[in-house]
Structure formats: C-alpha cells, structure tokens
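One-letter residues, chain by chain:
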Amino acid sequence: MRRFTFGWVVVLAILASAFIAVNLTVHAEDDSPWITSALSIKKQADTGALPSSWNNNVDCSMENQFACSVPTVYGAADQNGAIRLNGTADFRQVASYIDGQRHFQPIPNSNTGISYTGGPVYGLYYYFTNDISSSLSATRDNGTNIYRINRSPDARLADKSGKLLPADLQSMSFSQNGQWMVVSDPNVAMLRVNLDTFEVVPFASGFNYTIGYAPSPRTAISNDGHYAVVASRNFYDFAIYDLGTCGAVPSVITGSLDCKFRDLNKFMQDSVAGYTSVDSVRFLADDKLAVYANFVQDSKTKTARFIVSTSDTTSRVQYLALGDSYISGEGARDYQGGTDTDDNRCHVSLVSYPYLIGGSLDYSSYHSVACSGAVMNDLSNSSRDYIGQEDGIPKRNRTASEINTILSSFEPGYLDQLNFVQEYQPQAVTLSVGGNDMGFAGILQKCVEPWQGNTCYSTYEERLQLVNLINQQVFPELVSTYQQIKHAGPPDMRLYVIGYPQIAYPDGDCAVNVHLDHDELIFSQQLIGYLDGVLAQAAAKAGVFYVDTQGALSGHRLCEAGPGSIAMNGLTAGNDRPRVLGGPIGAESYHPNAFGYHLLENTILGITHGLTDPMPSVNLAAAPPPSAGLELLDVPAGGQQTGSAELDSSISDDIAYQNSSLAVSITGSDHALPPAASLTAVLHSTPIGLGTYTTDSSGNLAATLQIPVSVPTGYHTLHFYGTDLSGQAVDIYKTIYIADSPADLDGDGVGDSIEPCVGVPASSQDYDQDGIDDACDGTIDNPPTPAAYQDSDISSLNKENTANSQDPVLVASEVSPASPNNNGPSRVLAANTSNGQAETQYKSSNTLTIAIGLASLATISLTTWRLAVKNTKK
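Residues numbered from 1 in each chain as written. Predicted model: local features only at pLDDT ≥ 70, side-chain atom pairs only at ≥ 80, totals over all residues. Heavy atoms only, no water.

Q: Tell me about the overall build of the protein, and name the residues and values.
A: Each helix and strand in the protein was counted, giving 13 helices and 44 strands. Here the protein, with 874 residues, has 57% of them falling under the buried criterion. Of all intrachain contacts in the protein linking residues separated by at least 6 positions in sequence, the fraction that spans at least 24 positions is 64%. (Helix = DSSP H or I, 4+ residues; strand = E, 2+ residues; numbered from the N terminus. Buried < 20%, exposed > 50% of the residue type's maximum accessible area, 1.4 Å probe, protein only. Contact = heavy atoms within 4.5 Å.)

Q: Explain the confidence of the model for the protein residue by residue, including any values.
A: Chain-level statistics for the protein give a pLDDT mean of 86 and a share of 84% at 70 or above. Low pLDDT, under 50, characterises residues 1–30; the stretch is placed with 55 contacts to residues that sit more than four places away or in other chains. In this model residues 789–874 is a low-confidence stretch, pLDDT under 50, and it forms 174 contacts with partners more than four residues away in sequence or in other chains. (pLDDT = per-residue confidence, 0-100.)

Q: Give me the packing of helix H5 (residues 353–360) against helix H12 (residues 594–608): which residues, what numbers.
A: Where H5 contacts H12, the two axes come as close as 9 Å, and the packing angle between them is 55°. Relative to H12, H5 is oriented oblique. The crossing of H5 and H12 is right-handed. Each of Tyr353, Leu356, Ile357 and Ser360 in H5 lies in contact with H12, whose residues at this interface are Tyr597, His598, Leu600, Glu601, Ile604 and Leu605. Residue classes in the contact of H5 with H12 are distributed as 7 nonpolar, 2 polar and 1 charged. (Axes fitted to C-alpha atoms, helices over the stretch in contact; angles between N-to-C directions. Parallel < 35°, antiparallel > 145°, perpendicular 65-115°, else oblique. Left-handed = near helix turned anticlockwise from the far one by under 90°. Nonpolar A, V, L, I, M, F, W, Y, C, P; charged D, E, K, R; others polar.)

Q: Could you give me a rundown of the sheet that holds strand S30 (residues 545–547), with the residues and numbers involved?
A: Ordered by their spatial adjacency, 5 strands build an open sheet running S27-S26-S28-S29-S30, and the pairing between neighbours is parallel. Strands at the two margins of the open sheet, each flanked by one partner only, are strand S27 (366–368) and S30. Neighbouring strand axes in the sheet, compared pairwise and without regard to direction, differ in orientation by 20° on average. Relative to strand S29 (residues 494–498), strand S28 (residues 428–432) runs parallel, the two being bridged by 4 bridges. Each residue of the ladder has a partner; that of alanine 428, found in S29, is arginine 494. Seen against the sheet, H5 touches strand S26 (319–323), S27, S28 and S29 and runs at an angle of roughly 175° to S27. Across the sheet, H12 lies against S29 and S30, angled at about 140° from S30, the strand it touches most. (Pairing = 2+ DSSP bridges.)

Q: Let's hear about the pattern of salt bridges: which residues, and what values?
A: In this structure the tally under the stated criterion is 16 salt bridges. Here arginine 151 and aspartate 154 are joined by a salt bridge, their closest N and O atoms 3.0 Å apart. By relative accessible area, which is 38% here, aspartate 154 ends up partly exposed. For aspartate 279, the salt bridge is made with arginine 233, and the minimal N-O distance between the two is 3.1 Å. (Salt bridge = Lys/Arg side-chain N within 4 Å of Asp/Glu carboxyl O.)

Q: Explain the packing of helix H9 (residues 440–448) against helix H11 (residues 518–542) to me, and be specific about the residues and the numbers.
A: Interhelical geometry of H9 versus H11 gives an angle of 170° and a closest axis separation of 11 Å. It follows from the interaxial angle that H9 and H11 lie roughly antiparallel. Facing H9, whose interface residues are Phe440, Ile443 and Cys447, H11 presents Glu520, Phe523, Leu527 and Ile528. Class assignment of the residues belonging to the contact of H9 with H11 gives a composition of 6 nonpolar, no polar and 1 charged.

Now the structure itself:
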C-alpha cells in the first residue's frame, strides 16, 4: 500500500513519501501532458464553503437541508437513494432487486443506477442496472410509496474472473458525461469503471482502511476516461494518473497496475504558499482541473479555488450571456454571422442587451452563447447523449478538435451552454431561460389563430395545466440549472437570472399586428407575471440574483406606444429560412426589437448596479406560490381532461398536413412512462381522437398518426393522455401547425410565395411603407418623409429639438425592408433620450428615418454602419 496516515504515525508518513518519490523517479519518462508538461495554476477566489456535494466528490443541488440531488436521464436523484422521475412531483426511495432493501445510488447524467448489498468488513458490493426508467415498479413499503427495481442487474462490480470487488461509497465519483466512475476497493486498489462495458482498471494502490483513520478519498475522472485524480486530505495525498499507460488488467485483481502518475501535492506546495491539503477536485475539461485547496496564511487556515491546467489558465472572460431567445436578441435583427442560416437559427443579435451591456461597462472580454429556442436541457445537459440544438449531433459523435473549435469561437447551439462556463470561468453571467420550457411561444401561436374564433386559454383547466407545468416541471429544473451553472463557475462568479418583460398593455390601442383580444392580453400579462414569480423563487432557492424586468418596456409595449416608439415586435412573418421551419409565424414575433433590448439593458444595469451586486444567501424554503387564489386561474371551468402537464416539443415535427400521416416519437424516460403503457392521442382545441398507442419494453413510443382532412389549418395542440409509472395521470403535449399543403400552408387558395401574410388575414395596409403588410409586420414604424439631411445636419437638429422640448426623444427606425435573404440591413435601434441622460448613435448604409422631439422628422443617408450606446450616468 502507498497511502498511510500522515500526522498520526510519522514513520509511516516518511515511508509513504519515500514511496511516492520512488514512483515519480520510475515514471519520469512519461510523455503525457499531465505527467511531464509544465502546469499552470491560477487562484480564482477565496471561499468560506465548498460547493454542495456528496462526499466532496459529486456536486449536487440542495432540495432541502436534508437532501441534495443530481440530474439523471430519468429525473433527479438524491444521496439518500430517492428519485423524482421526470414529470412527477415527489421523491421516492428505490428498493434493490437483489435484497429488496432501499440500497440505491444514482449515476449523474446517466440512465444507469447502482444497487448495493453488504460486503466484507470494508466496502459494499455494487450492481448496475441500465435503463432505470423502464426497470421500476411503483409499490408501497410500510405505508410509504417507493419504487422497486423489477429485474436482475445488467452487471456487477467484479474482475474478469467474476470475483466481486467491494467498493467504498464515500470514494466514488463520476465523469461529467456519465460514462466513467472512480471508486476505492478498500485495501486493494483505486478502480476506474467503464459504465458502458463495466470493465475495471485498478490504476492506483489502495488506501489502508485498517488503521482506524478514514482516508476519505477525493476522486475525479475526465470525460474521456483517460485521466483520474486521487487525493486524501487525511493521508496527505494528491496525484493524477494517466490510465492509458496502465497495461493489461489481470483476471484476478489483487492490487494496482503500474500506471504513470504525477504528484500534484508537490506541485501545489511549490505553487501555493502555505499549502496543506486539497478538499475537492473536478475536471472542467480533459486538460483543466478545479481544485479547492487549503493553505495557511497569517496563522489562519483558508480555502480557495484554483485552476490547474496543462495549458494556459488565463482564458477567463469578464461576462457571458446564456439562455434563450429573449437574451440572444431574437427580434432585434443584426444577427451575428453564422447564427441566421439554414443550419443555425440561434439568432444572436449584435444589438441584444448582452452586447450593449458589455460595451457600456467597457468589458474587454464578453460573449453571448444564448440560442433562440433554448430550453434548460440546452444549458445544463452534460451527458454525451446531448444533441446539439442546431445540428442534431450528439456530443459523443463530436471530436475533441470540433469541440475545441466550437468553444474557442463561441459558436452557440452546438454544445450545452454549461461547457462555456467551465471553459471560460466568467466573472459575471446573465441568464434567461424557462419560457420555452413552459411553451410560451406555442401559447401565443394558438392565441393569434383567427380560425378559433374565441379567446384562447379561457378555461380554468387549461390555465391550471400551465400552472402545474410551471410548478412541477419548470421550477425544480430551474433550481437545478442555476446550481449546476454555479458549480461550473468560480466561487466569486455573479449569476444574474433575468426575468421576462411584459409585452403588451391590455387596455391600450392595439395595432393590427398584435392579433390578441383584450382577454388574451390580460392572460398573457398574468402568465408572464406568474412565470417571473416562479423564476424569482427558483433563484432564491439556488442563491443567485433575480432581476425583475417586467416593467422594463413600460410606455413602449404593444398597444401602448405609437409607431417609432414601440419596443416590442408584434406578429411578424419573420426571416427564418426556409420560413416553414418556424411555421407561418416567425420566431421574431412578440420579442423585443432593438429599442426594447436597449431598454432591457438599462433596467438590468440599474437593478444590478452594473452587474456588481453580490449574490444573495440560499433560501431552501423558496417555492412556487400555491395555486389557490391565483388571479390567473380566476376563470370559469370548462370540463376538459387534465393530468400532469408535460410539454415535449421533440415528439413530432412542428408542421403536419391535412389528410396525411405524422410520425411521433416519445422517449419514455422523459415522462416516467412504463412499458406497455397505453397513450391516447387527441388533437385540440376541438377534441379529435387520433387513436390509442402502446409503449414498448423500454417505455418508448413510436407511432404514426393520421391527420384527418377535416382538421382546420392553423395551430393545434397534440396531446397524449395516459398514466405514468407513479400512477398519476399524464398529459404529454406540444403545439403543431396543421397545414393544407407545402405551397399553401393556410389553405386559402393563395400561394404562400405571393401571400402578404401566411396564417393570418392581411390588413391591406402598409403604414410605414416598408413593403410588408402591417398584419405581419413585427415593427410598424413612422413612414418616410421626402426631407433629406446630410450628416452635418444631425447636430443642429438635436440642438434645436433640445431647446424646444422638455423631454427630447430620439427615435430611429428602418424605412427600407430587409432583403429576403437577410443580407440586407437590420432594424435599427430606437432609443429615447431624456434630458440628455442617454446618447444613442446609429450609422447605417440604409436610409433611416429619425424622429427628433415630438414632431421633427429627417431622412438621413449614411455610408457606413455602426451601433454604439453610451450611458452617461452620473
């Protein structure tokens, strides 16, 4: 054995140190970067506490003061052996198939679980079950609802001879992608386990568990399984191993192989003054470790997080934006190259508020990797099965070179956004997510449909379903997502959760591009308010800063402001290419325009004091408000069928055709569906039954539905009703568009190529003379005027306006339409200046209309374009 007590028996410590020195001499010829290359180290921040974790090896999210959970393919699981399946509300403990006892441990980001039984004096015996989501039965045990694994294990922790290898639960850790495990076989060896094949490699000598002093191993393993870290604060040990150098594994494991390693204790001693020990280690990438180390300074023991790497550690950025369309800049146009193509529709706008904030704060390094349409899975799914949002390629199929290119170029939509936090360790993060997880775009799409002829979501059941979805599915995922991002970044990282702004004024005068009646406007206001309240509670539970932007656009919302002063797009045909990919209604609909993102910037900077406000304390009692008494639910009952609401936008294509088939695929683990479960398909709003279908042995459903010719064209909701593994009623649904034909989606007899507006009636008016019918023109601006001014006239116009007005307003808007392939100009920033407190400049190759003051208008032709926003706050 190499590791013995340090501080209890000095002789044993000396022998251990001598053994390490011998091993270092033997392996000095290794050419692995972690073994022989010069290492870099950078202190990130002092910290008074370690991240929440199991045994200091597995990061987890606090559910309450007694339980800490990790994300899995089938839901969430805590260290007490209890799981909350996807779509269900409660944690239930899991009983083993082997002994019937509640002996279960999850594997993060995996659909495989571990059962265990008693072993020898030291350690337990491990059993692995694949496809946990389809291997459970709901039952009761002593009056408690539990799950029981209902089949024999797929594998055991054993050597090639079949001999069981005992393992120490307190030592285990997993690669972030869920493919590898490291665990201690007490008194024998440290083991790497391939969680696909369950092959075992004994790569390091084992800790001695017989001397009455617990080793409490700290372990970590890289995503490629090539490197493993083993440390022990008590045994004064910290080393990294190259498992590609270990050689053949014997049939019977009685000790460790001769694998090459590097003593990181020695490196830390040389690099950190007063270094004493390490408390936890995580691989941020295959070449980068996050290390929580202890050191003595001024006679006091302190803890700080360090980054140790085989490459440069100076890649930290000041500010990073994560999330969905409301932060990517959907609707503002001026999209970043590569994010508005047939293969990538992330729509990252150069005039979105992250870029405005970065410029206003004079940051030297800031980026946005947000992507329109992102859900929480696109932010935090670290498994190798994560499928890129834009190209549909699983992470496991990407080469290391491809991943490095995506990361170094800050290309959104291809990797989970958490990767960028790990790689660049930002000082400040703004995050907007949750709206797509509760299907806000689909809700609005249904509400604007003219064929329905009545107010959308007008019944208690329809709205209760949305509330249940937000409370039961969105809220816990938000908490987990926020905490995963916290764990990935440095201790001093500031994470600001940005709420959603109110989009319309219900009692105002609505333009023809709004398409929502008074009750629908009130409903949208109440729903946004409720979602924002839940975001605030999730942020409180995770201990991150919530930024309330509900009033950010006040005075400039739909139905509230006139042309040239509106900060929010109405319905727009959009510029998605091809347009059918986004449906008849473009993705830019009901998103802020460039002016709106400027207003959001000001609100965010004001509330956070320039992204400097500290993070709040964790409030584990934070929870969504109870449904009783909600104003949102104060509508008549409609008698509809309800169940656990589970939005799943991946179950089918977004568009289906009358009198045609529609392929449907539902992943059982996403909804806790048992094998042989019956699901009834129904198309709403007027219920149309589409048949009953049965899941396979894994709980998955693959079926082909026939869409009747009688279904009206327009947006509908496709539902699958059934019962999940916990016995509760489940409703899996998504919004789809039923079309007449690819050339005439709405079936009105006018081809889409010549239709002014597809999906809504044209208004036959074009107030701003931009060539777009106002019914589907996202932003209706002021019309152009024949007056023309030179660049030199701008200054005098501003001076004249300021002199003649107590509240000068500068509004700029595009007057010539963007070209069909979006290579032309984008909509320009429209900004208010009040008493000279904000200055907005925009130069463009387009002809711009500038409304100065309350009445003055000028048309300006400029030769180059550039956007700059300066806040002149005192």
